[in-house]
Amino acid sequence: MTPGNLQERIALVRSRIAEAASRAGRNAGDVTVVAVTKGVDAARIREAWALRLEDFGENRVQEARIKAPEVGIDARWHMIGHLQTNKVKYVPGLFSLVHSLDRIDLAREMQKAGDRAGVSIAALVQVNISGELTKSGVPPCEVISLMHALRPYDRIVVRGLMTIAPACDDPEETRPVFSRLHEIAGQVGQEGIDRVEMKYLSMGMSQDFVVAVQEGANMVRIGTAIFGPRNYGDAAGKVSRL
Ligand SMILES: *Cc1c(COP(=O)(O)O)cnc(C)c1O
């Protein structure tokens, strides 16, 4: 069980991030906490906002479309789940960052949506480091070729990489996944591709964010450790626990 109230849990997450960042010689202020709000109602999200969380992550477009106006605050919404091409039309004006760009089909739809709305779409390329078949994401060896293949889609601005580590009981086991993503970001950066910058490394969830921050994460996606356990089915069909 997750102890404490919302305020205490947020404070605990922040202090663990600060400790991990300082151990890695970095500044806690450089780490963006994306509070994952799937299954969390609008009133509770407003509470989290009042406690100075400003970035919220949803894994379903439909849920975000309903909740964002209900929450009614000037928050930044992140699309962190698998994005279906037929939902991309809702992205402009709703999400500030898509964490799950993982295929050219999706880029093509994002380009169309960006053209229609007259805006750029900021995205992270999702990488499947562990090779688990149930997870989306580009295999590591295809990341650089995908970045080059995005060149014609000038509405897309790539701002970094995202990964989901396998759920391990011991977060130490996920360390190589995070360090590998960091390493790939360095390789992509060296390519010097237009509209591709490696500003954000989105990695780390409730179970493993400390290790992720130690390995260079500057965006962590945290649900359970902030809001407590909820009963949602995530991509792997499991119920989140802590
Ligand atoms: C649900 C989810 C999270 C947060 O998971 P917790 O274990 O509840 O912190 C992070 N990233 C993605 C992609 C998710 O779907």
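The rules we used
Residues numbered from 1 in each chain as written. Predicted model: local features only at pLDDT ≥ 70, side-chain atom pairs only at ≥ 80, totals over all residues. Heavy atoms only, no water. Helix = DSSP H or I, 4+ residues; strand = E, 2+ residues; numbered from the N terminus. Rg over C-alpha atoms; globule rule 2.2 N^0.38 Å. Buried < 20%, exposed > 50% of the residue type's maximum accessible area, 1.4 Å probe, protein only. Contact = heavy atoms within 4.5 Å. Core = buried A, V, L, I, M, F, W, Y, C linked by side-chain atoms within 4.5 Å. Salt bridge = Lys/Arg side-chain N within 4 Å of Asp/Glu carboxyl O. Pairing = 2+ DSSP bridges. Arc of directions from axis to C-beta. Phe/Tyr/Trp six-rings, centres within 6.5 Å; stacked < 30°, edge-to-face > 60°. Near = heavy atom within 4 Å. Polar contact = N/O pair within 3.5 Å; in protein donor to acceptor, adjacent residues only side chain to side chain. Areas by Shrake-Rupley, 256 points an atom, 1.4 Å probe, with all protein chains shown as cover. Nonpolar A, V, L, I, M, F, W, Y, C, P; charged D, E, K, R; others polar.

1. Quick look at the overall build of the chain
The number of helices and strands found in the chain is 8 helices and 8 strands. Since a compact globule built from 242 residues should have a radius of gyration of about 18 Å, the 17 Å found for the chain is in line with a globular shape. Projected onto its principal axes, the C-alpha coordinates of the chain cover approximately 50 × 40 × 35 Å. Expressed as a percentage of the 242 residues in the chain, the buried residues total 50%. Taking contacts inside the chain between residues at least 6 apart in sequence as the whole, the part at least 24 apart equals 59%.

2. Considering the nonpolar core
Counting residues in each nonpolar core, the largest one holds 69 residues, and the members touching the most others are L101, M110, V125, M147, L161, V220 and I226. Apart from residues no more than four positions distant in its own chain, M147 is found in contact with V125, V158, L161, V188, I193, V196 and M198. If you look at the next biggest cluster of nonpolar residues, it comprises 7 residues, including V34, L124, Y200 and M219.

3. With respect to the pattern of salt bridges
Counted by the stated rule, this structure contains 14 salt bridges. Here D115 ties to R155 by a salt bridge, and the two come within 2.9 Å at their closest N and O atoms. Of this pair, D115 sits in helix α4 (residues 104–117) while R155 sits in the loop between α5 (143–149) and β6 (156–162), and the two are 40 residues apart along the sequence. A relative accessible area of 41% means that D115 is categorised as partly exposed. Across the salt bridge formed by R175 and E172, the nearest N and O atoms sit 2.8 Å from each other.

4. Side note on the pairing of strand β3 (residues 76–79)
In this structure, strand β2 (residues 55–58) lies alongside β3, joined through 4 bridges in parallel fashion. Paired with G57 across the bridge in β3 is H78. Sheet analysis places β3 next to strand β4 (residues 97–101), joined by 2 bridges and oriented parallel. Within the sheet, the bridge partner assigned to H78 lies in β4 and is L97.

5. Structural notes on helix α2 (residues 42–50)
The set of residues buried in α2 consists of A42, I45 and A48. With its buried residues spanning 115° around the axis, α2 presents them on a single face. Each element contacted by the buried residues of α2 is listed here: α1 (6–23), β2, α3 (61–71), β3 and α8 (224–227). R52 lies just past α2 and shows a positive phi near 75°.

6. Topic: the environment of F56
Note that F56 resides in strand β2. The exposure class assigned to F56 is buried, which follows from its relative accessible area of 0%. In the structure, F56 is positioned 18 residues away from K38 in sequence and 9.3 Å away in space, judged by C-alpha atoms. The residues touching F56, leaving out its near neighbours within four places in the chain, are V34, A35, T37, I45, A48, W49, I73, A75, R76, W77 and H78.

7. Some thoughts on the packing of aromatic side chains
Across all of its chains, the model carries 1 aromatic pair by this definition. With a centroid separation of 5.6 Å and an interplanar angle of 40°, the aromatic rings of F56 and W77 are classed as tilted. Taken together, the residues span a long stretch of sequence, with F56 in strand β2 and W77 in strand β3 at a distance of 21 residues.

8. Regarding the site of the ligand
Taken together, 12 residues lie near the ligand, and K38, S206, R221, G223 and T224 sit nearest. With respect to the ligand, the side chain of K38 contributes an N or O atom lying 2.6 Å from an oxygen atom. In isolation the ligand has 380 Å² of accessible area, and contact with the protein removes 94% of it. Of the residues belonging to the shell around the ligand, the class tally is 6 nonpolar, 4 polar and 2 charged.

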